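# Architecture at a glance
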Amino acid sequence: MPEGLIVKALSGYYYVKETGGEPGEPVQCRGRGVFKKRGITPLVGDRVIFEPTENGEGTVTEILPRVSELIRPPVANARLAVLLFSLREPDMNLQLLDKFLVHIENEGLQTLICLTKRDLLDDSDTSDELTKQVSDLYSSIGYEVIVTSSHTGAGTEEVLKRLAGEISVFSGQSGVGKSSLLNAMLPGLGLETSAISLRLGRGKHTTRHVELIELENGGYVADTPGFSQLDFLELGVDQLSECFREFVPYASECKFRGCSHLHEPGCQVRAALEDGKIAASRYEHYVQFYEEMKDKKRRY
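Treat the numbers as computed from the prediction; the structure is a model and nothing was measured.

Let's shift gears to the packing of aromatic side chains. Tallied over the entire structure, the rule returns eight aromatic pairs. For the pair Phe 244 and Phe 247, a centre-to-centre distance of 5.1 Å together with 25 degrees between the ring planes defines the contact as stacked. Accessibility assignment for this pair places Phe 244 and Phe 247 in one class, buried. Ring centres 5.3 Å apart and planes at 70 degrees place the aromatic pair Phe 247 and Tyr 286 in the edge-to-face group. Of this pair, Phe 247 sits in the loop between strand 15 (220–223) and helix 6 (248–251) while Tyr 286 sits in helix 8 (residues 280–299); the two residues are 39 residues apart in sequence, bridging distant segments of the chain. Exposure remark for Phe 247: the relative accessible area of 0% places this residue in the buried category. By the ring-pair criterion, three or more aromatic residues cluster together here, those being Phe 244, Phe 247, Tyr 283, Tyr 286, Phe 289 and Tyr 290. Lys 8 extends its terminal NZ or CZ atom over the ring of Tyr 15, reaching a point 4.8 Å from the ring centre. The ring of Tyr 143 carries the charged tip of Arg 245 above its face, separated from the ring centre by 4.0 Å.

What follows is the structure, given as structure tokens:
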């Protein structure tokens, strides 16, 4: 029986692109009834075995082992998260960027940070300094950062090259230009883009379901619904500091095991902060997230 990749899931159907098959439309499949009985849900990104049926459709009979599984968005086998944040409209929000990074670190994915809408900045030294500060900060932590502009095409080839051979998840605050960047990388794709609501400072959601977009270089991109709100319900407060990757080498040297890095004596994370080895903005966001998680835990 043929193998394939689920590239779209919609209304109980799974659209499977056959591995090594001829270019064309994916096969519309149903899942085996036994999946439901066992509480198994095939996901976009799953590599599967399917059985063609007489009407040109098919049945997914087996889900092959996954290398990763995301709950939100529901995607299997993604290894790279492309995190898009705009330099303007909406303005750069480092707290939200750090919140997304915590979730991505918790999922164990690689990260590419795309700073979008470079063309909306003027040519002043202040604008260049903003871009450089953000880029330098996250590069120094170990994140890959690319500055892009869908309008001028800057950075799009670089991003496209990074996506080769991977299943990638595009995420970030609504209205930062996810669909615009994909359209710039793939002329003719024609994804619907959202107008920015200046009053709300965020875009209207234009993506309705998860779907893998095939790239010519063997990569697939999950164009997922934008979200501006994230919560920490799936993450324990004791795991938070591990999601700030620059804290990790210092946390292992703290005087007390299980140090919260808030007030304990002998905390090496706070010592690194005082020595300028950890950015003040990152530590400040860590404290905010810690308090938010403790507050949620009390309420639940």
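So, about the nonpolar core. Generally speaking, soluble globular proteins have nonpolar side chains that are buried together. Membership of the largest hydrophobic core comes to 42 residues, with the highest contact counts inside it found for Tyr 138 and Leu 212. Looking at this core element by element, the count peaks at five residues for helix 2 (residues 94–107). Not counting residues within four places of it along the chain, the set of residues in contact with Leu 212 comprises Leu 5, Ile 6, Val 7, Val 44, Gly 45, Ile 167, Tyr 220, Val 221 and Ala 222.

On to the pattern of salt bridges, then. Enumeration over the complete set of coordinates arrives at 10 salt bridges. Residues Asp 46 and Arg 66 are paired through a salt bridge, measuring 2.7 Å at the closest nitrogen-oxygen approach. Placement of Asp 46 in the loop between helix 1 (33–37) and strand 4 (47–52) and of Arg 66 in the loop between strand 5 (58–63) and strand 6 (69–70) is noted, with a sequence separation of 20 residues between them. When its relative accessible area of 0% is taken as the criterion, Asp 46 is described as buried. In this structure, Lys 99 engages Glu 292 in a salt bridge whose closest nitrogen and oxygen atoms are separated by 3.2 Å. Remark: Glu 292 occurs in helix 8 and Lys 99 occurs in helix 2; sequence separation between them is 193 residues.

It is worth spelling out the pairing of strand 11 (residues 167–172) at this point. Counting buried residues along strand 11, six of its six residues qualify, which places the element largely inside the surrounding structure. Because side chains alternate across strand 11, one face comprises the buried residues Ile 167, Val 169 and Ser 171, and the other comprises Ser 168, Phe 170 and Gly 172, equally buried. In this structure, strand 8 (residues 80–86) lies alongside strand 11, joined through five bridges in parallel fashion. The residue bridging Leu 83 from the neighbouring strand is Ser 171, located in strand 11.

Glancing now at the environment of Gly 20. Assignment of secondary structure puts Gly 20 in the loop between strand 2 (13–18) and strand 3 (27–31). Gly 20 sits in the exposed class, given a relative accessible area of 80%. The sequence separation of Gly 20 and Glu 3 amounts to 17 residues, and the corresponding C-alpha distance is 8.8 Å.

The next subject is helix 2. Given a rise of 1.5 Å per residue, 14 residues ought to cover 20 Å, and the 20 Å separating the end C-alpha atoms of helix 2 matches this to within 8%. Across the 14 residues that make up helix 2, a large majority, 10, are buried. Put simply, Asn 93 is the residue that caps the front of helix 2, since its side-chain oxygen is 3.2 Å from the backbone nitrogen of Gln 95. Backbone geometry just after helix 2 places Gly 108 at a positive phi near 75 degrees.

Scoring rules and cut-offs
Residues numbered from 1 in each chain as written. Predicted model: local features only at pLDDT ≥ 70, side-chain atom pairs only at ≥ 80, totals over all residues. Heavy atoms only, no water. Phe/Tyr/Trp six-rings, centres within 6.5 Å; stacked < 30°, edge-to-face > 60°. Buried < 20%, exposed > 50% of the residue type's maximum accessible area, 1.4 Å probe, protein only. Helix = DSSP H or I, 4+ residues; strand = E, 2+ residues; numbered from the N terminus. Lys NZ or Arg CZ within 6 Å of the ring centre and 35° of its normal. Core = buried A, V, L, I, M, F, W, Y, C linked by side-chain atoms within 4.5 Å. Contact = heavy atoms within 4.5 Å. Salt bridge = Lys/Arg side-chain N within 4 Å of Asp/Glu carboxyl O. Pairing = 2+ DSSP bridges. Expected span 1.5 Å × (residues − 1). Polar contact = N/O pair within 3.5 Å; in protein donor to acceptor, adjacent residues only side chain to side chain.

Nothing here speaks to function; it is all geometry.
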